[in-house]
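What the coordinates show
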Amino acid sequence: ELSDWLNEGALPAPLILSQEEKVSALLGENALIGAWYAALVSLALILIMLLIMYEWRLALVGMLVLVAYAVFLLATFKLIDYALSLSGIAAIILSLGMGIDANILMFEKLKEEYTWGRSWLTAVSLAYERSYSAIFDGNATTFLIFIILFLMGMNVFKWFGFSGMLTAVLIVFVSVLLTKQLLDRIKK
């Protein structure tokens with residue numbers, strides 16, 4: 001029947017079966033489990049990196065913010081009834097790095113301000129003010145790239161682009177503000 005359809009379309013090619021494969025339903029499930037495993041491993045590596053680079057309180061703030069960001073992101077996906085694809089999961093894993101990058105920018109400015117003898121709350125405020133423009137610019141640029149992927153890409157890239165746009169917005173409006181709030185509550 002397929003051969004007849006091809007011939008009706010004026011394609012003078014015979015249908016020759018060269019290979020046949022059967023794929024079980026577990027293939028997608030295994031890929032999904034592997035993607036979640038990669039996300040958990042990346043979170044563990046991020047925590048180790050934070051503990052090496054910063055004191056435990058800043059590492060704890062960074063991890064709490066990252067977990068809260070992931071919860072916000074997954075809740076948003078649930079609210080808009082987004083079907084999570086592998087490309088969407090890849091965007092989430094990429095966004096973990098983007099989210100912690102925002103925290104690292106704030107933490108480095110905080111260390112710098114605190115080293116200059118400022119009080120903790122003053123150092124936190126100045127670190128937030130001085131790092132926010134870099135965080136915003138980086139995420140705005142990323143947002144534009146994800147818009148291009150969403151508008152011009154194939155279906156797989158569209159969902160990667162959509163997830164990326166959502167993550168960039170959440171980093172700027174949730175992750176950064178939550179980091180500042182938690183740092184304000186830490187007493188040095």
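Anyway, here's the lowdown on the structure attached to this text.

Reading the values: rules and limits
- Positions within a chain are numbered from 1, following the residues in the order the chain's sequence is written.
- In view of the model being predicted, local features appear only for residues whose pLDDT reaches at least 70, and side-chain atom pairs are presented and counted only at 80 or more, with totals across whole chains, interfaces and linings using the full set of residues.
- The basis for every side-chain value is the complete set of non-hydrogen atoms in the structure, without hydrogens or water.
- Runs of H or I in DSSP of at least four residues are treated as helices and runs of E of at least two as strands, each being numbered from the N terminus.
- Think of it in three bands: residues with accessible area under 20% of the maximum for their type are buried, residues over 50% are exposed, and the middle band is partly exposed, with areas taken using a 1.4 Å probe on protein chains only.
- Should any heavy atoms of two residues lie within 4.5 Å, those residues are considered in contact.
- The span expected for a helix works out to 1.5 Å for each residue beyond the first.
- Bending is quantified residue by residue as the angle between axes fitted to the seven-residue window ending at that residue and the seven-residue window starting at it.
- Two aromatic rings, drawn from Phe, Tyr or Trp (for Trp, its six-membered ring), form a pair once their centres lie within 6.5 Å of each other, and the interplanar angle then sorts them: stacked below 30 degrees, edge-to-face above 60, tilted otherwise.
- Note on geometry: a ring has a charge over it if NZ (lysine) or CZ (arginine) is within 6 Å of the ring centre and within 35 degrees of the ring normal.

Turning next to the overall build of the chain. Per the secondary structure count, the chain includes six helices and zero strands. Order of helices (α) and strands (β) in the chain, N terminus to C terminus: α-α-α-α-α-α. Here the chain, with 188 residues, has 35% of them falling under the buried criterion. A separation of at least 24 residues holds for 70% of the contacts in the chain among residues at least 6 apart in sequence.

End to end, helix 6 (residues 155-185) covers 44 Å across 31 residues, agreeing with the expected 45 Å (1.5 Å per residue, within 8%). Approximately 40° is the largest bend angle found in helix 6, and it occurs at Ile171.

Let's shift gears to the packing of aromatic side chains. For the structure shown, the criterion picks out six aromatic pairs. When the ring of Tyr114 is compared with that of Trp120, the centres are 5.5 Å apart and the planes differ by 80°; the resulting orientation is edge-to-face. Taking relative accessible area as the criterion, Tyr114 reaches 34% and is therefore assigned partly exposed. With a relative accessible area of 8%, Trp120 lands in the buried category. Between Tyr132 and Phe136, the aromatic rings sit 6.2 Å apart at their centres with planes inclined by 25°, giving stacked as the arrangement. Taken together, the residues span about one helical turn, with Tyr132 and Phe136 both in helix 5 (residues 120-152) at a distance of four residues. Ring pairing ties together the aromatic residues Tyr128, Tyr132 and Phe136, which thus form one cluster. Directly above the aromatic system of Phe150 lies the positively charged group of Lys158, at a separation of 5.6 Å from the ring centroid.

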